[in-house]
Amino acid sequence: MVDVNPSLDDGLPIDGPVHSASAWAGLRDRVVEGTPSLRALLNNDPDRGKQLGIKCVDILVDLSRQHLTDEVLGHLQDLARQRRVVETLGRVLAGDTVNGSENQAASHGALRDRTGKPSGSDIEAARRTFDRMTDLATAIRDGKATGATGHRITALVHLGIGGSHLGPALAVDALKHHTHPDVTIRFSSAIDTDDLDEALSGLDPQSTLVVVCSKSFTTIETLKALDAALDWLTADLGDVAIDHVIAVTTAVRQAQDRGIQDDHILKVPVSVGGRFSIGSAVGLSVMVAIGPQAFSEMLAGMSAVDAQSATQPVEENAAILLALVDVWNRCHLGRGSMAVVPYAHRLRLFVSWLQQLSMESLGKGVCQNGDDPGTPTGPVVWGATGTDAQHAFFQLLHQGTDVVPVDFIGLLQMSTSRVDDAGVRTSANLLLTNLVAHADALAFGRNAEEVRSDGVDEALVAHRTFPGDRPSTTVLLPELTPTTLGQLISLYENRTVAFAALLGINPFDQWGVELGKRTARELADESMPEHGLLRRVRSLEDE
Ligand code: F6P
């Protein structure tokens, strides 16, 4: 039964609490009855991997190690239909107004759409900006861009934080094997001067461009870094230092007020959320690193996943199925956190990128319509690269008292210039073997009988027993290229938006970070009395 509220039959997203949906009650009943163990589910159905493996363009998503029975899956899919999640993704990715609390569109999908269909002044302007980015990136890569003193530009230092940092930093690091050998790209995001000092170290101001990336142009960390970078440039270049600064921002006026020339300002539409912004001018450093062609391939990968997410029926829609599993784990099975474990060094920054995407989007306590969501919202997201994580927190995953669903991300082939090298092939196979081994060990565990059958001393049986029944999802990419990275980013973005749509919350605002920012601004005001805690600490130093 689909209990669509007739007043909402206009296709608009459902922005109130989810628990009135009939499928929600069905899921609650399944929790009370309990589901078979993962061991039983996997052993009893040899085709489970095939049935719960979903292809998303070039990515394979395997949900077979999740607590999904046919019934649970049926209720979850009903829930997505009742909450009109495909339609919502369609609206989001077409650039409709979906951000209620800021009365704004979300235009990241329209911006990276490769069909040329989306239109509107923001999109047209973004296309022109894209052309300017292409010209600049090409000139730098061809060695034709020169600085104020005529030296060739060979380095770009990207200043920005949060959404103005994590996506570009991830892409430049992930696609290292595709980057220009003679152009250095560095990032600095912290207010901590050590961070900028490290980013600037060894660079020549005469050959360096500073890209200051801030949508609002009010973020204190970024503006302080800009001041410090300008000091560094000025010490060498004097008055023409500002010629070495490019601003990527929505707030053109604020950038102009700091003396940045109009032809050095690349505009980001206000409707592109920071954490969804890699396909906008925020991605300039990525384009310089990998080149306009590869950057377009990344956008094409994103756009291909978007097209599927916005149109595929629920049962074939990878982004929505992933979100449904998240809702099942978080809201019904009470799993408060989720670990993300890429078995690829080149995806080491994926975890921090995803932390912002997921927790800033889903860490909400109110529905779009102002109601209480009535269920836990986004989980804590944490993780690290595979083999390191195995020797750090996997003990807790396997035998700790909390059950933490894991996303394992793997590459079938390593992205390196040495693909033909036997050592590289061995390494790729070992990584995959480790991934699958841990996913299986988490799911199957090893019970006391099995431990005894290994001849383990009775006193150690409890210590050597693995409870198992611990869920995980496996996400496999054929290899890491601009296209597949784009697909992966888009898949996780759309999964995040789908989770929000299921719960009726707004994934595009972030009011929660405002209070801390305001308080820090007030405390930084020198006319204000010093904070009591800081006073106390300083008085301890004096003792
Ligand atoms: O952390 C809050 C936040 O507003 C993020 O949403 C954003 O990505 C980041 O700060 C940086 O903001 P801006 O690009 O405006 O400097």
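Look a little higher up for the structure.
Described below are features of the structure shown in this document.

**A word on the sheet that holds strand β13 (residues 472-477)**
With mixed pairing, six strands are arranged side by side in an open sheet as β1-β2-β13-β12-β10-β11. Both outer strands of the open sheet, β1 (53-56) and β11 (380-383), are each paired with one neighbouring strand and no more. For this sheet, the mean inter-axis angle between neighbouring strands, taken without regard to orientation, is 20 degrees. Of the strands in this sheet, β12 (406-411) and β13 are in contact with helix α18 (residues 422-444), which crosses β12 at around 160 degrees.

**As for the packing of aromatic side chains**
Applying the stated rule across the entire model yields eight aromatic pairs. Measuring from ring centre to ring centre gives 6.0 Å for F130 and F295, while their planes differ by 35 degrees; the resulting arrangement is tilted. Separated by 165 residues along the polypeptide, F130 in helix α7 (residues 121-141) and F295 in helix α13 (residues 292-311) bring together distant segments of the chain. The exposure class assigned to F295 is buried, which follows from its relative accessible area of 0%. Aromatic side chains F276 and F508 sit 5.1 Å apart centroid to centroid with 55 degrees between the ring planes, which places their arrangement in the tilted category. In this pair, F276 sits in the loop between β9 (265-267) and α12 (284-290) while F508 sits in the loop between α21 (482-503) and α22 (514-524), placing the two residues 232 residues apart along the sequence. Residues F276 and F508 agree in their burial class; the two are buried.

**Overview of the site of the ligand**
Inspection of the region around the ligand gives 13 residues, with G163, S164, S214, S216 and T219 positioned closest. In this structure, S214 approaches the ligand through a side-chain N or O atom, which is 2.6 Å from an oxygen atom. K215 places a main-chain nitrogen or oxygen 2.8 Å from an oxygen atom of the ligand. Summarising the interface, the protein chains cover 87% of the accessible area of the ligand, which totals 390 Å² for the free molecule. Grouping the amino acids of the shell around the ligand by side-chain chemistry returns two nonpolar, eight polar and three charged.

**Concerning the pattern of salt bridges**
Here the structure, examined in full by the defined rule, presents 22 salt bridges. Measuring nitrogen to oxygen at the nearest pair gives 2.8 Å for the salt bridge that ties R30 to E33. Residue R30 and its partner E33 are located together in helix α1 (residues 22-33), separated by three residues, close to a single helical turn. Residue E33 is classed as exposed on the basis of its relative accessible area of 55%.

Criteria and thresholds
- Residues numbered from 1 in each chain as written.
- Predicted model: local features only at pLDDT ≥ 70, side-chain atom pairs only at ≥ 80, totals over all residues.
- Heavy atoms only, no water.
- Pairing = 2+ DSSP bridges.
- Helix = DSSP H or I, 4+ residues; strand = E, 2+ residues; numbered from the N terminus.
- Axes fitted to C-alpha atoms, helices over the stretch in contact; angles between N-to-C directions.
- Contact = heavy atoms within 4.5 Å.
- Phe/Tyr/Trp six-rings, centres within 6.5 Å; stacked < 30°, edge-to-face > 60°.
- Buried < 20%, exposed > 50% of the residue type's maximum accessible area, 1.4 Å probe, protein only.
- Near = heavy atom within 4 Å.
- Polar contact = N/O pair within 3.5 Å; in protein donor to acceptor, adjacent residues only side chain to side chain.
- Areas by Shrake-Rupley, 256 points an atom, 1.4 Å probe, with all protein chains shown as cover.
- Nonpolar A, V, L, I, M, F, W, Y, C, P; charged D, E, K, R; others polar.
- Salt bridge = Lys/Arg side-chain N within 4 Å of Asp/Glu carboxyl O.

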